[in-house]
Amino acid sequence: MFAIVDQGALDGDHCLKYVNDDPERYLLCSQSIELEAGAVYEMAVSVRTEGLVGEEFGASICVEWADGDGKWLGGSYAGGRRGDTPEWTRIVHRTRPIPAEAAGCTVKCYVRRDMTGTAWWDDVSVRRVRRT
């Protein structure tokens with residue numbers, strides 16, 4: 001489950017927390033954003049984890065895009081953190097150019113499928129770094 005919590009935030013008063021004890025549960029916390037077709041964006045987030053276990057790379061961030069009918073077209077996925085990382089770690093990743101057929105985009109904080117444990121996210125940002 002995701003929740004906004006007021007304990008343990010990096011810089012502000014709140015951060016996003018995720019707790020999962022069921023490896024079959026797969027949830028993502030997403031926010032729609034407007035991105036320019038053809039542009040490259042840098043996504044960044046600060047992450048920390050506690051007891052986050054599984055075969056995948058852990059708590060992360062991504063930007064995904066869909067066409068006008070909501071059909072998934074692809075995305076860019078940053079590497080993540082797992083295990084016990086009590087200190088905040090900054091993850092930064094650049095997207096590939098946003099495709100021209102992308103009608104909608106989302107930024108997502110998530111823990112990879114089949115993982116259990118706890119993760120926190122703070123200071124999420126997405127900024128254009130260049131136009132192609």
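Just above sits the structure.
Residues numbered from 1 in each chain as written. Predicted model: local features only at pLDDT ≥ 70, side-chain atom pairs only at ≥ 80, totals over all residues. Heavy atoms only, no water.

Comments concerning the overall build of the chain
Worth spelling out the cut-off: Numbered from the N terminus, helices here are DSSP runs of H or I no shorter than four residues, and strands are runs of E no shorter than two. Every radius of gyration here is taken over C-alpha atoms, with the globule rule written as 2.2 Å times N^0.38, N being the number of residues. Partly exposed residues are those whose accessible area sits between 20% and 50% of the maximum for their type, while under 20% is buried and over 50% is exposed, using a 1.4 Å probe and protein chains only. By the convention used here, residues are in contact when the closest approach between their heavy atoms is within 4.5 Å. Under the convention used here, a 1.4 Å probe and the Shrake-Rupley method define accessible areas, while residue burial counts only the protein chains that appear.
Helix and strand counts for the chain come out as zero helices and nine strands. Its C-alpha radius of gyration of 15 Å places the chain within 12% of the 14 Å reference for a compact globule of 132 residues. For the C-alpha atoms alone, the extent of the chain along its principal axes is close to 40 × 30 × 20 Å. Split into buried and exposed, the 132 residues of the chain put 41% on the buried side. Sequence separation of at least 24 residues holds for 75% of the intrachain contacts in the chain that already meet a minimum separation of 6. Put simply, the chain shows about 7,300 Å² of open surface, and 45% of that area lies on carbon and sulfur atoms.

Looking at the sheet that holds strand β3 (residues 28-33)
Sheets are built from strands that pair by backbone hydrogen bonding, the pairs being arranged parallel or antiparallel. Formally: Should DSSP find at least two bridges between two strands, the strands are regarded as paired. Comment: axis = line fitted to C-alpha atoms, over the contacting stretch for helices; angle = value between 0 and 180 degrees taken between N-to-C directions.
Taken in spatial order, the four strands make up an open sheet running β3-β8-β5-β6, and their pairing is antiparallel. Only two strands of the sheet have a single neighbouring strand rather than two, namely β3 and β6 (72-77). Pairwise comparison of adjacent strand axes, ignoring direction, gives a mean angle of 25 degrees for this sheet. Note: β3 against strand β8 (residues 104-111), six bridges, orientation antiparallel. Directly across from Q31, in β8, lies its bridge partner V107.

Here we look at unusual backbone geometry
Leaving glycine out, the prevailing phi sign among residues is negative, and the prevailing peptide bond configuration is trans. Look at D114: it is not a glycine, yet its phi comes out positive at around 70 degrees. Relative to the elements of secondary structure, D114 occurs in the loop between β8 and β9 (116-131). Judged by relative accessible area, which is 46%, D114 ranks as partly exposed. Its identity as a non-glycine residue notwithstanding, D123 has a phi of 55 degrees, on the positive side. Examined against the element boundaries, D123 turns out to sit in strand β9.

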